[in-house]
Amino acid sequence: MTVVINMRDGVDKEKIRIAARFILDGKLVAFPTETVYGLGADALNEKAVKRIFEAKGRPPDNPLIVHISDFDDLRKLASDVPREARLLAERFWPGPLTVVLPKREEVPYATTGGLDTVAVRMPAHPIALALIKASTPIAAPSANISGKPSPTLAEHVIDDFYGRIECIIDGGETKIGVESTVIDLSSERPTLLRPGGLPLEEVEKVIGEVEIHPAVRGKLVDVARSPGMKYKHYSPNAQVIVVEGRRENVRKKIAELVEEYRAKGFRVGVMATEEYAADEFFHLGKTEEEVARNLFRALRELDKKGVDVIIAEGVEEKGLGFAVMNRLRKAAGYRIVWA
Ligand code: AMP
Ligand code: MG
């Protein structure tokens, strides 16, 4: 049985208490954050955390992010908090930034995917913060079946998990729409493991140059430090094709591809920042922020409309565009057409 709690009008203390009880009892609660919805469990309860992996069908070596509501919680999870971590936390928390640090013994290996490091972030969403404050640090990956696009609406979570987890908190649409930026601070040099809701440029203003892990660029690697990166991700049922290149060329290429696939008898959807004629069309908006916010929703909605092929317009890889392109290329299984 799944309890769906409506909190679209803001934090309700009584309802938070109910959800917090579930967490403290080792149950699963999906909740909104400013990035995407998370599927949460008590981060220090190994049995509870294992249920997240089961529910999602997530490989056990793909580590979870632990969500905290208090700066002091960081020291309870990480055995060493270097200067860079302090600077980043002071500047960007609560917010869409995750730092990877050496873990304390108390953090179960189930939570860290078997690693000696733990990923931590303080989310900037009043519901998430209230839930953590009323319970404990919460391990939460995105609340989607493993490999599917991340959820930005409670409906998406309901589609994937209704009847399979104890509680879903509906807090309306998430503001940012892509997951957090993940920076590894456990090795010699700060390294970007995943571009996300906080532009890398902002991180570099505070701690200087950050290395980019090769897996971010789509190189297939199988190293312990980037376990999440070796799995297929964000994929709807339809085949996604990303078109990248100069704007005028992209426009022409997308129109051509639509015709080509339709001629072969496929139903074609397009997701882009300007209008296209196709069987289905999802307007992503104009700004970087709008595109990030609408990205996963577009993939899910076009899928629901039963298209066979989704043609996605590429965006410039700066600011939030870095996170958007990372998700899009993965969703496409690196099927990229250069225009
Ligand atoms: P998700 O919870 O689905 O947003 O995925 C969390 C991602 O954070 C993982 O797939 C990893 O890429 C990254 N991550 C979490 N914990 C660690 C860690 N201890 N070391 C390296 N990367 C991590
Ligand atoms: Mg995820």
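Heads up: the structure comes first, above all this text.
My aim in this report is to walk through the structure given alongside it, one point at a time. Because the structure is predicted, anything quoted here is derived from the model rather than measured.

**Thoughts on the site of ligand 1**
With respect to spatial proximity, 16 residues lie near ligand 1, and among them Arg58, Asn62, Thr117, Pro141 and Arg194 are the closest. The contact in question runs from a nitrogen atom of ligand 1 to an N or O atom on the side chain of Thr117, over 3.0 Å. Note that an oxygen atom of ligand 1 is positioned 2.7 Å from one of the side-chain N or O atoms of Arg194. Going through the elements one at a time, strand E6 (117-121) and strand E10 (191-194) are the ones with two or more residues in the shell around ligand 1. Here the shell around ligand 1 takes 3 residues from E6, the largest share from any one element. For the shell around ligand 1, a count of residues per class yields 9 nonpolar, 4 polar and 3 charged.

**A short note on the sheet that holds strand E13 (residues 268-272)**
Read from one edge to the other, the open sheet built from 5 strands follows the order E14-E13-E15-E12-E16, with strand pairing classed as parallel. Where the open sheet ends on each side, the last strands, each with one partner, are strand E14 (280-283) and strand E16 (336-338). With direction set aside, neighbouring strand axes in the sheet form an average angle of 20°. Of the pairings in the sheet, the one linking E13 to E14 comprises 4 bridges and is parallel in character. Each residue of the ladder has a partner; that of Val270, found in E14, is Phe281. Against the sheet, helix H10 (residues 288-304) engages strand E12 (239-244), E13, E14 and strand E15 (309-313), with an angle of about 165° to E14.

**Regarding the packing of aromatic side chains**
For the structure shown, the criterion picks out 2 aromatic pairs. Centroid distance Phe71 to Trp93: 6.3 Å. Interplanar angle 35°. Geometry classified as tilted. Of this pair, Phe71 sits in helix H3 (residues 71-77) while Trp93 sits in the loop between helix H4 (83-92) and strand E5 (97-102), and the two are 22 residues apart along the sequence. For Trp93, a relative accessible area of 6% translates into the label buried. With centroids separated by 5.9 Å and ring planes inclined at 50°, the aromatic side chains of Tyr261 and Phe266 adopt a geometry described as tilted.

**What about the nonpolar core?**
Grouped together as the largest cluster of nonpolar side chains are 49 residues, with contacts concentrated most on Leu39, Trp93, Leu97 and Val203. Taken together, the elements giving at least two residues each to this core come down to strand E3 (37-42), helix H2 (46-56), H3, H4, E5, E6, helix H7 (154-161) and helix H8 (200-207). Filtering out sequence-adjacent residues up to four positions away, Val203 remains in contact with Leu88, Phe92, Leu97, Ile183, Leu198, Gly208 and Val210. Counting 27 residues, the second largest nonpolar core, distinct from the first, contains Tyr234, Val291, Leu299 and Ala331.

**A few points about a positive patch on the surface**
Residues Arg75, Arg83, Arg86 and Arg104 make up a contiguous surface patch of positive charge. Relative to the helices and strands, Arg86 is located in helix H4. With relative accessibility at 38%, the residue Arg86 sits in the partly exposed group.

**Some remarks on unusual backbone geometry**
Across the junction of Trp93 and Pro94, the peptide omega takes the value -10°, indicating a cis bond. Turning to its location among the elements, Pro94 is positioned in the loop between H4 and E5. Within the chain, Tyr334 stands out as a residue other than glycine whose phi angle is a positive 65°. Tracing the backbone shows Tyr334 in the loop between helix H11 (320-331) and E16.

The rules behind each value
- Residues numbered from 1 in each chain as written.
- Chains lettered and ligands numbered in written order.
- Predicted model: local features only at pLDDT ≥ 70, side-chain atom pairs only at ≥ 80, totals over all residues.
- Heavy atoms only, no water.
- Near = heavy atom within 4 Å.
- Polar contact = N/O pair within 3.5 Å; in protein donor to acceptor, adjacent residues only side chain to side chain.
- Helix = DSSP H or I, 4+ residues; strand = E, 2+ residues; numbered from the N terminus.
- Nonpolar A, V, L, I, M, F, W, Y, C, P; charged D, E, K, R; others polar.
- Pairing = 2+ DSSP bridges.
- Axes fitted to C-alpha atoms, helices over the stretch in contact; angles between N-to-C directions.
- Contact = heavy atoms within 4.5 Å.
- Phe/Tyr/Trp six-rings, centres within 6.5 Å; stacked < 30°, edge-to-face > 60°.
- Buried < 20%, exposed > 50% of the residue type's maximum accessible area, 1.4 Å probe, protein only.
- Core = buried A, V, L, I, M, F, W, Y, C linked by side-chain atoms within 4.5 Å.
- Patch = residues over 30% accessible without salt bridge, like charges linked within 9 Å, V, L, I, M, F, W, Y side chains within 5 Å.
- Areas by Shrake-Rupley, 256 points an atom, 1.4 Å probe, with all protein chains shown as cover.
- Salt bridge = Lys/Arg side-chain N within 4 Å of Asp/Glu carboxyl O.
- Lys, Arg positive; Asp, Glu negative; His and termini not counted.
- Charge placed at Lys NZ, Arg CZ, Asp CG, Glu CD.

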